[in-house]
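What follows is the residue order along each chain.
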Amino acid sequence: MTTELNLPVESEALLTPSEVAAMFRVDPKTVTRWAKAGKISAIRTLGGHRRYRESEIRALINGDIPTQRVAAE
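Being a predicted model, the structure only gives us computed values, none of them experimental.

*Asks:* Would you explain helix H1 (residues 17–24) in this entry?
*Replies:* For the α-helix, the turn length of 3.6 residues means that residues three or four positions removed from each other point alike. The complete set of buried residues in H1 reads Pro17, Val20 and Ala21. When H1 is viewed along its axis, its buried side chains cluster within an angular range of 100 degrees and face the same direction. Against strand E1 (14–15), helix H2 (28–37), strand E3 (50–53) and helix H3 (54–62) lie the buried residues of H1. Once H1 finishes, Arg25 follows within two positions and takes phi at roughly 60 degrees, a positive value.

The following block contains the structure:
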């Protein structure tokens, strides 16, 4: 199985919405909203569930990836 970026999923640790939510101390629905808004990337399983790359989530927590900012005009 591959992702949209054609990277093998087996080589990347994936997290569930609940696991990501626990890391950020938010509700799992908030994680889903972030994915829908494009703030974090999600991979869809064959069953339609979202999974998140652990490396991306850890980079966000460590501040290695700047968060998306929208200018209010």
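Read on for the rest.
*Asks:* Help me understand the side chain of Thr32, please; the structure alone is not making it clear to me.
*Replies:* One can find Thr32 in helix H2. If sequence neighbours within four positions are ignored, Thr32 has contacts with Arg50 and Tyr52.

*Asks:* For this particular structure, what's the right way to read the environment of Tyr52?
*Replies:* Looking at the element boundaries, Tyr52 is found in strand E3. Look at Tyr52 and you get buried, because its relative accessible area is 0%. Expressed as a C-alpha distance, the spacing of Tyr52 and Ala42, which sit 10 residues apart in the sequence, is 5.1 Å.

*Asks:* I'm lost on the pairing of E3 in this one. Help?
*Replies:* Looking along a regular strand, one sees the side chains alternate between the two faces of the sheet. Bridge analysis of E1 against E3 gives 2 bridges, and the strand direction is antiparallel. Looking across to E3, one finds that Leu14 is bridged to Arg53. Following strand E2 (residues 43–44), the chain reverses through 5 residues before pairing antiparallel with E3; Gly48 in that reversal takes a positive phi of roughly 90 degrees.

*Asks:* I would appreciate a short explanation of unusual backbone geometry in the present structure.
*Replies:* Glycine aside, residues mostly have negative phi, and peptide bonds are mostly found in the trans state. Of note in the backbone geometry, Arg25 takes a positive phi value of approximately 60 degrees without being a glycine. Within the element layout of this structure, Arg25 appears in the loop between H1 and H2.

*Asks:* Can you walk me through the nonpolar core in this structure?
*Replies:* Core analysis: the largest hydrophobic core is formed by 9 residues, namely Leu15, Val20, Ala21, Val31, Ala35, Ile40, Tyr52, Ile57 and Leu60. Where this core is concerned, the elements lending two or more residues are H1, H2 and H3. Here Ala35 is in contact with Ile40, Ala42, Arg50 and Tyr52, once residues within four sequence places are set aside.

Rules of the game
- Residues numbered from 1 in each chain as written.
- Predicted model: local features only at pLDDT ≥ 70, side-chain atom pairs only at ≥ 80, totals over all residues.
- Heavy atoms only, no water.
- Buried < 20%, exposed > 50% of the residue type's maximum accessible area, 1.4 Å probe, protein only.
- Helix = DSSP H or I, 4+ residues; strand = E, 2+ residues; numbered from the N terminus.
- Arc of directions from axis to C-beta.
- Contact = heavy atoms within 4.5 Å.
- Pairing = 2+ DSSP bridges.
- Core = buried A, V, L, I, M, F, W, Y, C linked by side-chain atoms within 4.5 Å.

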